[in-house]
Amino acid sequence: MPSHDVLLVGGGGAGLRAAIAVSEVDPNLSVAVVSKVYPMRSHTVSAEGGSAAVIKEGDSLDEHAYDTISGGDWMCDQDAVELFVNEAPGEMLQLEHWGCPWSREPDGRVAVRPFGGMKKERTWFAADKTGFHMLHALFQTSLKYRSIARYDEWFVTRLLVEDGRVQGVVAIELMTGKIQAITAKSVILCTGGCGKVFPFTTNANIKNGDGMALAYRAGVPLKDMEFVQYHPTGLPFTGILITEASRAEGGFLLNKDGYRYLQDYDLGTPQPKPVLRSMELGPRDRLSQAFMKELDKGRTLEGPYGPYVHLDLTHLGKKIIDTKLPFVRELCLKYENIDPVSELIPVRPVVHYMMGGVHTDIQGATPLGGLFAAGEAACVSINGANRLGSNSLTELLVFGARAGQAAAEHALQDKPVSAGIEAQAADEKKRLEREFLHKSGGTEPIAGLRGEMQSIMEKSAGIYRTGTLLEEAQAKVAELKERFRQVAIQDHSHTFNTELTAALELSYMLDVAEAVVECALHRTESRGAHQRIDFPQRDDEGFLAHSLVSHRPDDRPKVEYLPVTITRWPPGERVYGRAAAPAPPG
Amino acid sequence: MKPPVAYRQYHPKWHRTRVSTFWWSRKWSYLKFMLRELSSVFVAFYVVILLLQLHALRGGPDAYQGFQDWLRNPLLVILNGISFLFVLFHAVTWFNLTPKAMAVRLRGKRLPDVLVAAPNYVAWLAVSALVVFLLTRQG
Amino acid sequence: MAETITIEVARYRPEEEGEPALQSYEVPLNKDWVVLDALNHIKDHVDGSLSFRWSCRMGVCGSCGMTVNGEPKLTCATFLSHYAPGPIRVEPLKNFPVVRDLVIEMTDFLEKLQSVKPWIVRKDDPAPAKGEFLQTPEQLDEFKQFSMCINCMICYAACPVYGLDPQFVGPAAIALAQRYNLDSRDQGEQERLDVLSQHEGIWGCTFVGECTEVCPKNVDPAGAIQQYKLAATKDWFKSFLMPWSKQ
């Protein structure tokens, strides 16, 4: 059995940052990065717009914190946010020292751009391929550390838990089909989000909530799973992301009449140039909700893949588009046969990000001993009910590093592997063989179950939700989980069996879908990205609290609440595009 | 032909596709690659000629005359002609490669490839003209 | 019945077969579909055992490189309609061992990437807290193009030198080395040159130029290699003529 001090599940931005952090705590600690894809394939690669950290004069940490907290509709833990904005600049500079090719000012300083929901310009960017450059810089830097061992294309199927602490994982080596236990003193989940639970998403095929489901099954609660972010500008059909930076550089959102409809939804008055925290630079939840209201009014356009509106960049000119948004132009030309220099881009809201995730504290530690989580897979929480664009790339650095350090400290305590671990690993191997590899006669095709799950999630747990629809989804997901027992597996081979991994991913997604629906049903208020038509008001009396959902075998999941940590910013009104009402005395 | 290797559980059995003998005929760039590889034979041939020439030069005027007569052999003329074509081919390859090897920038903007390659050709023409001038003057 | 197109996919199941063979499928000829969508259609609705790698479907993760009608392509950016009326032949990337179906073995590539030391090398090591290394937009522009590589390995599939001699470090890895050499923040050029001036390094390249032709991200690895050759030659002359100049 291979054995390591710290084991990471997932090799994206958070995972690689954590791996480096462990090595820097103690180069003698052995680190394993276990990832179902080669690290540079991880979905961090698709992030476009930028990464926020206060760096310029005239900006302040408090303003970044306030933007984040108000953007999150006061669901963020303010101690976590304060720590986050405080450590953000250091992490970003560290990445600069590791070679990330940040866009620059003429004098050689790092350049920043405006971004949705941010009152000041503080979003660092590498043109519009920020995530790509960050991931490659992290990956290439990680190659320098000898203590980091990689398990590329190993698919984790289970956490090994004994004596109340996690002690490793069971994983399938895709190349050979070997099912292998790998033990470790600390395990960090960095598996990203779960956009593929929904049909239209900017997320890659690999984003199936693996880590969330692994933790959930091990008894660790998931937090704030009802908060699913829709990005207002994805391409119809493919869901390809058209970055928020396109609006930050001055793009307009137009309805079918060519009207900047956001002005009708309390997001400010249209100006020719972008205004921070206003109109197209409002937060993502509000923009996606405005789209739905336009749809209700019949003012959207109709295409073969459903309703859409237009993103207009034509007035920016070729030069700005080519220097600041080259990838947007490339994507439009390649995938839509549209040139944004002269044509309007069709866009619609698409599922983009999971505010919720594995419940952790500000060190990235979960309630289960030795288990940590970071990045989109985790919920610290700094994103609250709605994440601001460009906070997530920074989050994976700040909390990736913190989780890495905490996991390293934990590993240094040196507890031996429990005797029962090997038996547990053997059980898992038998389970995989029984349920998938040796199973025949299944009747439920994977794609069928997945499609049904995605459509019920879009219908019931989308931008607007109701109790009735959520109850329908609750029953449907339970039914799908039951039917999954009869999943049809044609491929019983060992070598690179992607039908097996697709089935396992579907089982993860069904668990995550269950958690999302359960939390959404229990939260009878509207806040940030969670909008209940039957409960349209925010309810700070009842719900200024995080949902914690726990898995119960053979029963409905249990939902509990944990109060939000408020330090300096009492809950207030979210104001965009106009002056705020004076704060109440007190 | 070797019998196929049997699969053993958990041991990958990779397939290595055999490169077809005429793979280079598929594409002009591949064909050029093969021609450049092939040119080494003719370059070697030319080196031998050069060595023989030196040897003849050392042997005095008669030996050198004999060497020159030998060069008139049609086979040698053809071989030398081919060598010359290959050398030309290499020259053009190198000239066109210059803009790749040297990213010349003027006021922050990269010069177009044509502008970097062109001086090579100009210099080539100038040198050739000089050689022609020298040869015709003596003749 | 909507229009369809025939897609011939190379299948190789090492546990059952000794040799790869083509298998034909009929898929809808949807004008919005790329080759990858057709493969997913087959996997989801016709034959679940078909294996291939893919992830982002937006041309940036680098997973889905395959050979389409003989040419190495990112299948997420290759439209079916381009090949109508078909058939379309989809095979694994050339020049790599095939693991199964359309999946190739790529650990060799990863080792090569690592061998060129693709990270910032500094003699001093100033703390990040002291602020960023200054780098003007012009200095950024020097290496930016070479930093755009998505490691899709399409250039390796197009490179006959790599095909004939798998020891060759290859286009993407050399371009990455040059990316760091040209970065004004880096001081590791000499270390990398020691690796790349060997026979299997830059000198293996005879300027076929196909790597640059096929690159989906306009990285121009061929250019990087030629720049490197020039630098290596200068270095060699310097150390030959002025042996005392080398530390």
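Residues numbered from 1 in each chain as written. Chains lettered and ligands numbered in written order. Predicted model: local features only at pLDDT ≥ 70, side-chain atom pairs only at ≥ 80, totals over all residues. Heavy atoms only, no water.

### Details of the overall build of chain B
Right, so step 1: Summing up its helical and strand segments, chain B has four helices and two strands in all.
Right, so step 2: Taken over the C-alpha trace, chain B has a radius of gyration of 24 Å; the compact-globule value for 139 residues is 14 Å, which it surpasses by more than 25%.
Right, so step 3: In terms of overall dimensions, chain B has C-alpha extents of about 80 × 55 × 25 Å along its principal axes.
Right, so step 4: Of all 139 residues assigned to chain B, the portion counted as buried reaches 19%.
Right, so step 5: Pairs at least 24 apart in sequence give 41% of the contacts found in chain B among residues at least 6 apart.
Right, so step 6: When the accessible surface of chain B is split by element, carbon and sulfur atoms take 71% of a total near 10600 Å².
Right, so step 7: Separation of charge centres in chain B, based on 17 positive and 4 negative side chains, amounts to 23 Å. (Helix = DSSP H or I, 4+ residues; strand = E, 2+ residues; numbered from the N terminus. Rg over C-alpha atoms; globule rule 2.2 N^0.38 Å. Buried < 20%, exposed > 50% of the residue type's maximum accessible area, 1.4 Å probe, protein only. Contact = heavy atoms within 4.5 Å. Areas by Shrake-Rupley, 256 points an atom, 1.4 Å probe, with all protein chains shown as cover. Lys, Arg positive; Asp, Glu negative; His and termini not counted. Charge placed at Lys NZ, Arg CZ, Asp CG, Glu CD.)

### What to know about the interface of chain C and chain A
Right, so step 1: With 68 residues of chain C in contact, the opposing surface of chain A contributes 61 residues.
Right, so step 2: Our enumeration of links across chain C and chain A arrives at 32 residue pairs in polar contact (both at pLDDT 80 or more).
Right, so step 3: When its residues are assigned to classes, the side of chain C that touches chain A shows 36 nonpolar, 16 polar and 16 charged. (Polar contact = N/O pair within 3.5 Å; in protein donor to acceptor, adjacent residues only side chain to side chain. Nonpolar A, V, L, I, M, F, W, Y, C, P; charged D, E, K, R; others polar.)

### Regarding the interface of chain C and chain B
Right, so step 1: On the side of chain B, 25 residues touch chain C, which itself brings 33 residues to the contact.
Right, so step 2: For the pairing of chain C and chain B, the buried interface totals around 2600 Å² over both sides, and the portion due to carbon and sulfur atoms is 57%.
Right, so step 3: Between the two partners, chain C and chain B, sit three salt bridges.
Right, so step 4: Its salt-bridge partner being glutamate 210 of chain C, residue lysine 27 of chain B comes within 3.0 Å of it at the nearest N-O pair.
Right, so step 5: For the pair chain C and chain B, the interface holds 13 residue pairs in polar contact (both at pLDDT 80 or more).
Right, so step 6: Of all the secondary-structure elements, those providing two or more residues to the side of chain C that touches chain B are β6 (98-100), α3 (137-144), α5 (160-164), α8 (210-214) and α9 (221-241) of chain C.
Right, so step 7: If one sorts the elements of the side of chain C that touches chain B by residue count, α9 of chain C sits on top with four residues. (Buried area = accessible area lost by both parts, 1.4 Å probe. Salt bridge = Lys/Arg side-chain N within 4 Å of Asp/Glu carboxyl O.)

### Quick notes on the side chain of arginine 36 of chain B
Right, so step 1: Structurally, the position occupied by arginine 36 of chain B is in helix α1 (residues 28-58).
Right, so step 2: Lacking a salt bridge, the buried arginine 36 of chain B has glutamate 37 of chain B as its closest oppositely charged neighbour, with an N-O distance of 6.5 Å.
Right, so step 3: With near-sequence residues (within four places) excluded, arginine 36 of chain B lies in contact with Phe89, His90 and Thr93 of chain B together with Thr206, Phe207 and Val208 of chain C.

### Let's talk about empty space enclosed by the protein
All names here are of chain A.
Right, so step 1: By the definition in use, this model includes twelve cavities of 30 Å³ or more.
Right, so step 2: Roughly 730 Å³ of volume is contained in the largest cavity.
Right, so step 3: Around the largest cavity, the lining is made up of 47 residues, and of these His43, Thr44, Gly192, Lys207 and Glu376 lie nearest the centre.
Right, so step 4: Contributing elements (two or more residues each) for the lining of the largest cavity: α1 (13-25), β2 (31-35), β7 (154-162), β15 (345-354) and α10 (391-412).
Right, so step 5: Partitioning the lining of the largest cavity into residue classes produces 17 nonpolar, 22 polar and eight charged. (1 Å grid on protein atoms, 1.4 Å probe; cavity = no way out; pocket = protein on both sides within 12 Å on 5 of 7 lines; lining within 4 Å. Points joined across faces, edges and corners; volume = space filled by probe spheres on them.)

### As for the packing of aromatic side chains
Right, so step 1: In total, this model carries 24 aromatic pairs over all chains according to the counting rule given.
Right, so step 2: The interplanar angle of 45 degrees and the centroid separation of 6.0 Å between the aromatic rings of tryptophan 23 of chain B and phenylalanine 33 of chain B together place this pair among those described as tilted. Residue tryptophan 23 of chain B is found in the segment before α1, and its partner phenylalanine 33 of chain B is found in helix α1; the two are separated by ten residues along the sequence. The pair formed by tryptophan 23 of chain B and phenylalanine 33 of chain B is uniform in burial state, with each residue classed as buried.
Right, so step 3: Where tryptophan 236 of chain C meets phenylalanine 237 of chain C, the ring centres are 5.1 Å apart and the plane angle is 80 degrees; that geometry is what we call edge-to-face.
Right, so step 4: Under the relative-accessibility criterion, phenylalanine 237 of chain C is labelled partly exposed at 43%.
Right, so step 5: Among the aromatic residues, those joined into a ring-pair cluster are Phe96, Phe109, Tyr156 and Tyr162 of chain C.
Right, so step 6: One cation-aromatic arrangement involves lysine 129 of chain A over phenylalanine 327 of chain A; the distance from NZ or CZ to the ring centre is 4.5 Å. (Phe/Tyr/Trp six-rings, centres within 6.5 Å; stacked < 30°, edge-to-face > 60°. Lys NZ or Arg CZ within 6 Å of the ring centre and 35° of its normal.)

### A short note on the environment of threonine 300 of chain A
All names here are of chain A.
Right, so step 1: Following the sequence through the fold, threonine 300 ends up in the loop between α7 (284-296) and β13 (301-303).
Right, so step 2: Classification of threonine 300 as buried rests on a relative accessible area of 10%.
Right, so step 3: In sequence terms threonine 300 and alanine 111 are 189 residues apart; their C-alpha atoms lie 36 Å from each other.
Right, so step 4: Sequence-distant contacts of threonine 300, defined by excluding residues within four places in its chain, comprise Lys256, Phe291, Glu294, Leu295, Pro307, Tyr308 and Val309.

### Re the packing of helix α12 (residues 446-460) of chain A against helix α13 (residues 467-484) of chain A
All names here are of chain A.
Right, so step 1: Where α12 contacts α13, the two axes come as close as 9 Å, and the packing angle between them is 170 degrees. The orientation of α12 with respect to α13, classified from their angle, is roughly antiparallel. Read as a crossing pair, α12 and α13 show a hand that is left-handed. Along the contact surface, α12 presents Leu449, Glu452, Met453, Ile456, Lys459 and Ser460, while α13 presents Leu469, Leu470, Glu472, Ala473, Lys476, Glu479, Leu480, Arg483 and Phe484. (Axes fitted to C-alpha atoms, helices over the stretch in contact; angles between N-to-C directions. Parallel < 35°, antiparallel > 145°, perpendicular 65-115°, else oblique. Left-handed = near helix turned anticlockwise from the far one by under 90°.)

### Here we look at the sheet that holds strand β2 (residues 21-28) of chain C
All names here are of chain C.
Right, so step 1: Taken in spatial order, the five strands of this open sheet run β2-β1-β5-β3-β4, and their pairing is mixed. Edge positions in the open sheet fall to β2 and β4 (71-74), since each of these has one partner strand only. Strand after strand, the sheet turns through a mean of 35 degrees between neighbouring axes, direction not considered.
Right, so step 2: Docked against the sheet, helix α1 (residues 35-45) engages β1 (4-11), β2, β3 (65-68) and β5 (88-91), running at close to 80 degrees with respect to β1. (Pairing = 2+ DSSP bridges.)

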